[in-house]
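Okay, here's what each chain looks like letter by letter:
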Amino acid sequence: MAEQRALTPRAEDFSAWYNEVVQRGELAGYTPVRGCMVIRPHGYAIWELMQKALDARFKETGHQNAYFPLFIPQSFLHREAEHVEGFAPETAVVTHGGGKELEEPLVVRPTSEAIIWPIMADWIQSYRDLPLLINQWANVVRWEMRTRLFLRTPEFLWQEGHTAHASQEDAQRETLLMLSVYRRFMEEWMAMPPLTGVKTEWDKFAGADRTYACEALMQDNWALQAGTSHNLGQNFARAFDVKYQTEDGSHEYVWSTSWGVSTRLIGGLVMSHSDDLGLVLPPKLAPIQAVIVPIYKSDEGRGQVLEAAEKLAGQLRDVVRVRLDDRDTVNPGAKYYEWEGKGVPVRLEIGPKDLEKGQVMAVKRFAPDPKARKVPIPDGEVRSRLTEMLDAMQNELLATAIKRREDNSHRGIDDYEEFKEIIATAGGFVYTGYCGTEECEASVKDETKATIRLMPDEDFRSDEIPAKCICGKKAEYEVVWARAY
RNA sequence: CGGGACGUGGCGCAGUCCGGUAGCGCGCCUGAAUGGGGUUCAGGAGGUCGCGGGUUCGAAUCCCGCCGUCCCGACCA
């Protein structure tokens, strides 16, 4: 493992810093397959914690998991016009199997609507079968030119919810419900507070009536689309003939939704909290929440310290995910760097001095006041104090991230020169009035690289919206601009 | 697909201009001392120099062809 001593600082080169944090944290790495990454055990453990939390919420809201095929007959993808137009350019296609050319090429799923709906159509006969609430955990493939670990790779892991409803209203309610599930997960578990809102007509999911999204602001003031929830209307029901019989005996197309988050969230997590020492993880998503580092000077001291460290680990094991680093081949300082690089929220140092005083030294990976990172905890209080510490850190990370988002949000902008200045220098979320035309966004994007991320939901909308768009025309509604990943 | 660069132990690189039989740092292995912020010393293992062809007594180095990767531009969870 070639690890430079110090990471490239964020301020110097954010992209280089990101790559180094991911690799030093042993989250992921490159593989012999162009653009494809390996998610290493530590990174995968984070994904498993994410899955567990999200899956629980999906179940609580009435969804069931299922698994659909990886391969989609090419003709299926073509049934929904906008869908195929949106995804065809980035699909991988299997043309041969068993040494022979296939009669019909198989598309490796870029998303599963085109295989799920023909199948679920058979499950739905009557209004009594609705709503049908299905989720799938799977991998998908979207061919990419330019790749980044977690943020954009040809293959990634995600979940995709697919639901069918008897009415437009039910589908809309579902779309918004799952958007709020995502928002809460990002806030409460990831400490990554997103904006929520609606995508423009031309930026929505291929085949959707409306696309809602969570957009989070990274430390470099670029936006990351972190989750989407789509109201698909009856578009897929028509394309795949998904009908149900109503109470009065007529046949109607179902109303459907789909929604997903991916391993991209891990990239967002990294770019939200990590620092120039490496990864910072919110305690709820940290595979190891506390690491115990024993410190000893000689063989005699060693036995005593290790015994105390093991006892400590035993006391903590049922309340936190704890790891005792008793390697004898690495000295304490090196262990500090290693576990900091992996984002472990709390380090517990235990050495001769601590044994004498009947305490352990606890060091938080992150604190709003850097001077308050290190605190001694008396032996009897470690269990309670440590859990308090982890809770506090979770909250502090969220508060810090919210403050950063708000400090970097610019509202009420209606002057294009000012807009350009903000995008070119400060960055962040820029709220403006908007005329509503695609041409306007295209020309702004051309000139500034900024795009409309969404039309903000009520929770984020400004009290006063400028009367005119940055192009000078009358504003129809408010939008949020940013440079985006 | 257009523009630029690169391919040499696990990782990062030097050597290529000017041919002479491969080197450095990190990591890895062994041993000893060390141990409260990346410890030191000693010893050691590890390379078809991207692939194929050519020139030459001799090629990592020169020539031709191919493959691959990375960076910059049009698309993107």
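Residues numbered from 1 in each chain as written. Chains lettered and ligands numbered in written order. Predicted model: local features only at pLDDT ≥ 70, side-chain atom pairs only at ≥ 80, totals over all residues. Heavy atoms only, no water.

Colleague: In this structure, what is going on with the domain arrangement of chain A? I would like to understand it.
Modeller: A common measure of how large an interface is: the accessible area buried when the components associate. Assigned domains within chain A: domain 1 (14–273), domain 2 (288–388) and domain 3 (409–482). Summarising the inter-unit geometry, the C-alpha centres of domain 1 and domain 2 are found 40 Å apart. (Domains from an automatic or database assignment.)

Colleague: Which parts of the structure should I look at to understand the packing of helix α1 (residues 14–24) against helix α8 (residues 264–273)?
Modeller: When two helices pack together, their arrangement is given by the angle between the helix axes and by the axis-to-axis distance. Viewed as axis vectors pointing N to C, α1 and α8 meet at an angle of 115 degrees, and their least axial separation amounts to 11 Å. As judged from the angle between their axes, α1 and α8 are roughly perpendicular. Of the two possible hands of crossing, α1 and α8 adopt the one that is right-handed. Together, Phe 14, Trp 17, Tyr 18, Val 21 and Val 22 of α1 and Gly 267, Val 270 and Met 271 of α8 make up the contact between the two elements. Residues belonging to the contact of α1 with α8 are distributed by class as follows: seven nonpolar, one polar and no charged. (Axes fitted to C-alpha atoms, helices over the stretch in contact; angles between N-to-C directions. Helix = DSSP H or I, 4+ residues; strand = E, 2+ residues; numbered from the N terminus. Parallel < 35°, antiparallel > 145°, perpendicular 65-115°, else oblique. Left-handed = near helix turned anticlockwise from the far one by under 90°. Contact = heavy atoms within 4.5 Å. Nonpolar A, V, L, I, M, F, W, Y, C, P; charged D, E, K, R; others polar.)

Colleague: Explanation requested: the UniProt feature "domain: Aminoacyl-transfer RNA synthetases class-II family profile" (unreviewed entry) in chain A in the structure shown.
Modeller: Residues given the UniProt feature "domain: Aminoacyl-transfer RNA synthetases class-II family profile" (unreviewed entry) here are residues 34–282. Regarding residues 34–282, the helix share stands at 32% and the strand share at 33%, and the terminal C-alpha atoms are separated by 31 Å. (UniProt positions renumbered as here; feature names shortened; annotations may be inferred.)

Colleague: Whenever I open this one, the pattern of salt bridges confuses me. Can you help?
Modeller: Oppositely charged side chains are able to pair whenever their charged atoms sit close together. Under the definition given, this model contains 30 salt bridges. Linking Arg 173 and Asp 170 is a salt bridge whose minimum nitrogen-to-oxygen distance equals 3.0 Å. Taken together, the positions of Arg 173 and Asp 170, both in helix α6 (residues 168–188) and three residues apart, correspond to about one turn of that helix. Of the charged contacts, one joins Arg 327 and Asp 325 as a salt bridge, the two residues approaching to 2.8 Å between their closest N and O atoms. What makes Arg 327 partly exposed here is its relative accessible area of 29%. Residue classification places Asp 325 among the buried residues on the basis of a relative accessible area of 2%. Salt bridges linked by common partners bring Glu 26, Asp 325, Arg 327, Lys 335, Glu 338 and Lys 342 together as one network. (Salt bridge = Lys/Arg side-chain N within 4 Å of Asp/Glu carboxyl O. Buried < 20%, exposed > 50% of the residue type's maximum accessible area, 1.4 Å probe, protein only.)

Colleague: I tried to follow the nonpolar core on my own but got confused; where do I start?
Modeller: Soluble, globular proteins show a tendency: their nonpolar side chains are buried together. In this structure, Met 50, Phe 150, Phe 185, Met 186, Met 190 and Leu 265 are the most contacted members of the largest nonpolar core, which totals 48 residues. Breaking this core down by element, the ones donating at least two residues are α1, β2 (37–39), α2 (41–60), α6, β10 (210–217), β11 (223–233), β14 (255–262) and α8. (Core = buried A, V, L, I, M, F, W, Y, C linked by side-chain atoms within 4.5 Å.)

Colleague: Help me understand the sheet that holds strand β16 (residues 322–324) in this model?
Modeller: Within a sheet, each strand pairs with its neighbour through backbone hydrogen bonds, oriented either parallel or antiparallel. Spatial strand order, β16-β15-β17-β18-β19: five strands in an open sheet with mixed pairing. Looking at strand neighbours, the two that pair on one side only are β16 and β19 (374–378), the edges of this open sheet. Ignoring strand direction, the axes of neighbouring strands in this sheet form an average angle of 25 degrees. As defined by bridge partners, strand β15 (residues 290–294) adjoins β16 across three bridges and the pair is classed as parallel. Along β16, the bridge assignment pairs Ile 292 with Leu 324. Those strands touched by helix α9 (residues 299–316) are β15, β16, β17 (346–350) and β18 (359–364), and its axis lies near 165 degrees from that of β15. (Pairing = 2+ DSSP bridges.)

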